[in-house]
Every structure is written in structure tokens, then in C-alpha cells.
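Examining the three-dimensional arrangement
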Amino acid sequence: MAKVKKFWDDEYKNPEHLKLSLEPSSDMQTFVRWAIRNSEWHPFPKDGMILDVGCGNGRNIIGLAKEAEMSGYGFDISGEAIIQARNLAKDLPIKFEIRGAEDSLLLADESVDVVLDMMTSHFLRQEQREKYLKEILRVMKPYGWMFFKTFILEGDQNARRMIHNYPAGEENAYIHPKIGVYEYVWTEEKLFEFFSPHFKIHKMIKSYKHITEKGTPWKRRTISLYLEKLPNN
């Protein structure tokens, strides 16, 4: 993961590939509003716990913690991102640490009400993804909520090209030609297989406008999942 760490440290110091914001993601805000309207009970309890996997500069966990008066635990592989997150959080009850998404979580069983994973798990190989899921399930409370966002293969010509040209030795994975790191691209079928035994999948929302009017690829396609943890998982 050293290449991933270096890439993100450099990106948070001097952004070149991504437009980094200090405001909460609009995708997450849409999820929060939907969950409040549709959950059978309040999904973001005051003094509850938020886990942010790959928290970056902390903008999402900080925004939700402020709005819902919750505490939080966020981690990221980038030390520079964690420095920025701590500065942005100020005195909020959020702990930030430098860790990888494949590492064991330093949290008690069933201690987490809400999990955020926005564009992080695609850096994990199959064995790491399985460990990641086991840890998420361990720390989440029954009927807790998870907002999961990642790359989706269906309709993404760029992803198919990179899988063909830069294979990584696993199905639907490639070594990124510019940053030299492993990336995995989910399919709808694989997402269902991965999550449905443990979560109720309330929504799957795919991005659009990823193809120009001339039919050429413009940007990567993503999918967002609204997940509610089933009991006894």
C-alpha cells in the first residue's frame, strides 16, 4: 500500500488529480436525508458513533457529526489527510488515525451506528475485502446504516479498457497506469453477493453523464448503496 499512501499524501498536499473540498459530499447529504425520511427509527442518534473508512480530510464525518451531534472515528492511509482532518474537526468528538482499510478496527463490537465508505474499498484485493467486511460487521450495531460508494463496471468504458490493458491478476481489477496502484471495479452482481447476506440493500444509485454526446468516455462511473445491517450478522 506504499504507493497508495504516497499518492494520497502528495494529492492532499498539492491536488492534481482530484478536486478536494472541505464541504460534505452531496451524495452523503442525499443519503442522510433519505435515511431520516425512510428509517423506522432515527438513524443518526445523538451521541451515537460514526465510522468513516478512508476519511480523507474528514469533511464527511465532520459534517454529519456536527449535524447529528454524534461522535466519530475516522481513519485514512494518508498522514497528510489526517493532519487536515484533525485541524478541520477542531474540538469535535472525533478521533482520527492513520490506518489502512485492510487493518483491524480499534473499536468494540456493535459500537458503531453509521459507517461511511466513499471510494475506499476499491483499493483492496479480494482477501482484504473479505477481512474488511468481517470487521465492519463486527463493529456495527444491528440495524445500523452504511453509505457505500465505489466504482461500477457496467457502462464504464474506461474501466473495461484499463482491465484489459493493465490487468492486476484478479477479475475486474487493474494496475492504474498513472499512479501505479491496484484498483478493483465492482459489478452489480458482485455488490449484491458481497452485501446482501448481511445488509438490506435499500437503494443502488448509479452516476450518469459518463459518456459524451459523441459516445466517448468522459469520466468514471460510480454507484452508491444505502445499506441497513441485518440482525444476527
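You'll find the structure just up there.
Residues numbered from 1 in each chain as written. Predicted model: local features only at pLDDT ≥ 70, side-chain atom pairs only at ≥ 80, totals over all residues. Heavy atoms only, no water.

Remarks on the overall build of the protein
Put simply, the rule reads: Each helix corresponds to a stretch of at least 4 residues labelled H or I by DSSP, and each strand to a stretch of at least 2 residues labelled E; elements are numbered beginning at the N terminus. Exposed residues in this analysis have more than 50% of their type's maximum accessible area, buried residues have under 20%, and partly exposed residues fall in between, with area computed by a 1.4 Å probe over protein chains only. Method for areas: the Shrake-Rupley scheme with a 1.4 Å probe, in which residue coverage is limited to the protein chains shown.
In terms of regular secondary structure, the protein is built from 7 helices and 9 strands. By its C-alpha atoms, the protein is 50 × 35 × 35 Å across when sized along the principal axes. The buried share among the 233 residues of the protein stands at 52%. Per element, the accessible surface of the protein, about 11900 Å² overall, is 50% carbon and sulfur.

Let's talk about the pattern of salt bridges
Short version of the rule: We define a salt bridge as a contact between a side-chain nitrogen of Lys or Arg and a carboxyl oxygen of Asp or Glu at a distance within 4 Å.
For the structure on display, the rule yields 12 salt bridges. The shortest N-O distance in the salt bridge between K5 and D9 comes to 2.9 Å. Note that K5 and D9 are positioned in helix α1 (residues 2-13) at a spacing of 4 residues, about one turn of the helix. The partner of K149 in a salt bridge is D27, and the shortest N-O contact between them spans 2.4 Å. One end of the pair, K149, is in strand β5 (residues 140-151); the other, D27, is in helix α2 (residues 26-38), with 122 residues separating them in the sequence.

Remarks on the packing of aromatic side chains
Operational definition: Stacked, tilted and edge-to-face are the three classes applied to pairs of Phe, Tyr and Trp rings, where Trp contributes its six-membered ring and a pair requires centres within 6.5 Å; stacked means planes under 30 degrees apart, edge-to-face means over 60, and tilted covers the rest. Two thresholds decide whether a charge sits over a ring: the Lys NZ or Arg CZ must be within 6 Å of the ring centre and within 35 degrees of the ring normal.
If you walk through the whole model with that rule in mind, you get 16 aromatic pairs. Aromatic side chains W41 and Y143 sit 5.3 Å apart centroid to centroid with 90 degrees between the ring planes, which places their arrangement in the edge-to-face category. Residue W41 is located in the loop between α2 and β1 (49-53), and its partner Y143 is located in strand β5; the two are separated by 102 residues in the primary sequence. Classification of Y143 by relative accessible area gives partly exposed; the value is 37%. Taken together, F31, W34, F44, W145, F147 and Y226 form an aromatic cluster joined through their ring pairs. Over the face of the ring belonging to W186 we find R129, whose NZ or CZ atom lies 5.6 Å from the ring centre. Its end group placed over the ring of F151, R220 keeps NZ or CZ at 4.1 Å from the ring centre.

Some thoughts on helix α5 (residues 126-139)
Selection criterion: To estimate the expected span of a helix, count its residues, drop one, and scale the result by 1.5 Å.
A rise of 1.5 Å per residue sets the reference length of α5, with its 14 residues, at 20 Å; its end C-alpha atoms lie 20 Å apart and thus fit the reference within 8%. Among the residues of α5, R129, Y132, L133, E135, I136, L137 and V139 are the ones counted as buried.

A short note on unusual backbone geometry
The backbone of E69 sits at a positive phi, close to 55 degrees, despite the residue not being glycine. Structurally, E69 can be placed in the loop between α3 (59-68) and β2 (71-76). Classification of E69 as partly exposed rests on a relative accessible area of 47%. Not every positive phi belongs to a glycine, and M119 is a case in point at roughly 65 degrees. Here M119 is to be found in the loop between β4 (112-118) and α5.

A look at the side chain of D76
Our working rule: Lys and Arg are tallied as positive, Asp and Glu as negative. Neither His nor the chain termini are counted. Two N or O atoms count as a polar contact when they lie within 3.5 Å, although within protein this holds only if one can serve as hydrogen donor and the other as acceptor, and sequence-adjacent residues are included solely when both atoms are side-chain atoms.
Relative to the elements of secondary structure, D76 occurs in strand β2. This buried residue, D76, is left without a salt bridge; K5 holds the nearest opposite charge, at 8.8 Å. Polar contacts involving the side chain of D76 include one to the main-chain amide nitrogen of G56, which spans 2.8 Å. Only 2.9 Å separates the side chain of D76 from the backbone nitrogen of S78, close enough to count as a polar contact.

Quick word on the sheet that holds β4
This is how the line gets drawn: In this analysis, strands are considered paired if DSSP registers two or more bridges between them. Note on method: axes are straight lines fitted to C-alpha atoms, helices fitted across the in-contact stretch only, with angles between N-to-C directions ranging 0 to 180 degrees. Whether two residues are in contact is decided by their heavy atoms, any of which lying within 4.5 Å being enough.
In spatial order, the strands read β3-β2-β1-β4-β5-β9-β8; together these 7 strands make up an open sheet with mixed pairing. In this open sheet, the two strands that pair with only one neighbour each are β3 (94-98) and β8 (199-206). For this sheet the average axis-to-axis angle between neighbouring strands, irrespective of direction, equals 15 degrees. Sheet topology note: the β8/strand β9 (residues 222-229) ladder contains 7 bridges and is antiparallel. By the bridge assignment, F199 is partnered in β9 with K229. This element, α2, spans β4, β5, β8 and β9 of the sheet and lies at about 150 degrees to β5. This element, helix α4 (residues 79-89), spans β2 and β3 of the sheet and lies at about 165 degrees to β3.

What to know about the pairing of β1
The element β1 is extensively covered by neighbouring structure, given that 5 of its 5 residues are classed as buried. The two faces of β1 match: M49, L51 and V53 on one face and I50 and D52 on the other face are all buried. Note that β1 and β2 share 5 bridges and pair parallel. Its bridge partner lying in β2, D52 is registered against G74. Pairing of β1 with β4 involves 4 bridges; the strand directions are parallel. Of the residues in β4, the one forming a bridge with L51 is V115.

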